[in-house]
Amino acid sequence: MQQWMPDLARAARLRMHMGGLARQAALGFTALDNLPQGIALVDSNCRIHYCNPSADCLLAAFCEALSVRHCLLRCVDGQAQAQLLRLVAQACGHHAQGLAGALCLTAGSALRLMVTVLPLKPSHAAAFRQRPMALLVMVEAGTPFSGPSPGLVQEALGLSPSEARLAVLLATGRTVKDYARIEGCSWHTARTHMKNLMRKTGCHRQVELVGLLQSLQPR
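Residues numbered from 1 in each chain as written. Predicted model: local features only at pLDDT ≥ 70, side-chain atom pairs only at ≥ 80, totals over all residues. Heavy atoms only, no water.

Turning to the overall build of the protein, a few remarks are in order. Each helix and strand in the protein was counted, giving eight helices and seven strands. Going through the 219 residues of the protein one by one, you find that 43% of them count as buried. A separation of at least 24 residues holds for 53% of the contacts in the protein among residues at least 6 apart in sequence. In the structure as shown, the protein presents an accessible area of about 12100 Å², 56% of it carried by carbon and sulfur atoms. (Helix = DSSP H or I, 4+ residues; strand = E, 2+ residues; numbered from the N terminus. Buried < 20%, exposed > 50% of the residue type's maximum accessible area, 1.4 Å probe, protein only. Contact = heavy atoms within 4.5 Å. Areas by Shrake-Rupley, 256 points an atom, 1.4 Å probe, with all protein chains shown as cover.)

All right, on to the packing of helix 5 (residues 161-171) against helix 7 (residues 187-201) then. Axis separation between helix 5 and helix 7 bottoms out at 9 Å; the angle between their running directions is 85°. Considering the angle they form, helix 5 stands roughly perpendicular to helix 7. Listed contacts from helix 7 to S162, E163, L166, A167 and L170 of helix 5 are A190, H193, M194, N196, L197 and K200. When grouped by side-chain class, the residues that make up the contact of helix 5 with helix 7 number six nonpolar, three polar and two charged. (Axes fitted to C-alpha atoms, helices over the stretch in contact; angles between N-to-C directions. Parallel < 35°, antiparallel > 145°, perpendicular 65-115°, else oblique. Nonpolar A, V, L, I, M, F, W, Y, C, P; charged D, E, K, R; others polar.)

So, about the sheet that holds strand 6 (residues 111-120). In sheet architecture, strand pairing relies on hydrogen bonds along the backbone and comes in two forms, parallel and antiparallel. The antiparallel open sheet is built from five strands, whose spatial order is 2-1-7-6-5. Looking at the sheet topology across the chains shown, the edges are occupied by strand 2 (48-51) and strand 5 (101-107). Within the sheet, the average angular offset between the axes of one strand and its neighbour, ignoring direction, is 25°. Note: strand 6 against strand 7 (residues 133-140), eight bridges, orientation antiparallel. Note that in strand 7 the partner of T116 across the bridge is V137. (Pairing = 2+ DSSP bridges.)

Next up on the list: the pattern of salt bridges. A full pass over the atoms with the stated rule returns three salt bridges. Note that R165 is salt-bridged to E183, the shortest N-O span being 3.0 Å. Taken together, the positions of R165 in helix 5 and E183 in helix 6 (residues 176-183) put the pair 18 residues apart, joining distant regions of the chain. In this structure R165 comes out as partly exposed when scored by relative accessible area, which is 31%. Residue classification places E183 among the partly exposed positions, given a relative accessible area of 31%. (Salt bridge = Lys/Arg side-chain N within 4 Å of Asp/Glu carboxyl O.)

Everything listed here is a matter of coordinates, which is why it stays silent on function.
Given below as structure tokens:
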């Protein structure tokens, strides 16, 4: 028993950790289910592991441009498919930090679908089997941008309240200095929030962050 105790204790800790991840994932998916934006989780092969109701509706509406076959997400146009595969591959990159990206798909003469591709790190509770995944946010193009609420941003992206407020300010044209002045914090604290915000969202440029926030705005 003395020889087995360390292994039993380690197994118990692992079980508690996995249970906590499962609870976090369940809460996260509940929040995603209620979003008006289409949300899909795919692996590096574009195989869908999760799709919220809004994504199902958008995929049905834009079936001329984007479809699902055998659980694989595919663009009808060959060039768009190559771009989608490239964006998902770079978001799921194993040897470097995943990169964000976006593409615009056209169905018919006027309908356009904006697809933002974001990296989902293996440590994220929603990552299946602890491997890199890509988070796809789908919205119909042309919706005026007024900025989502900080609460929505916090839930959808797993940010702290301070990081969510900074994200919304940046997306509406403000600066990090503006955030420090409005929040009454130091420049160093604001910069720290900025670094954490970019790391958690997987964005490397502010324009990518703005695109992500635009895709999360309520409709």
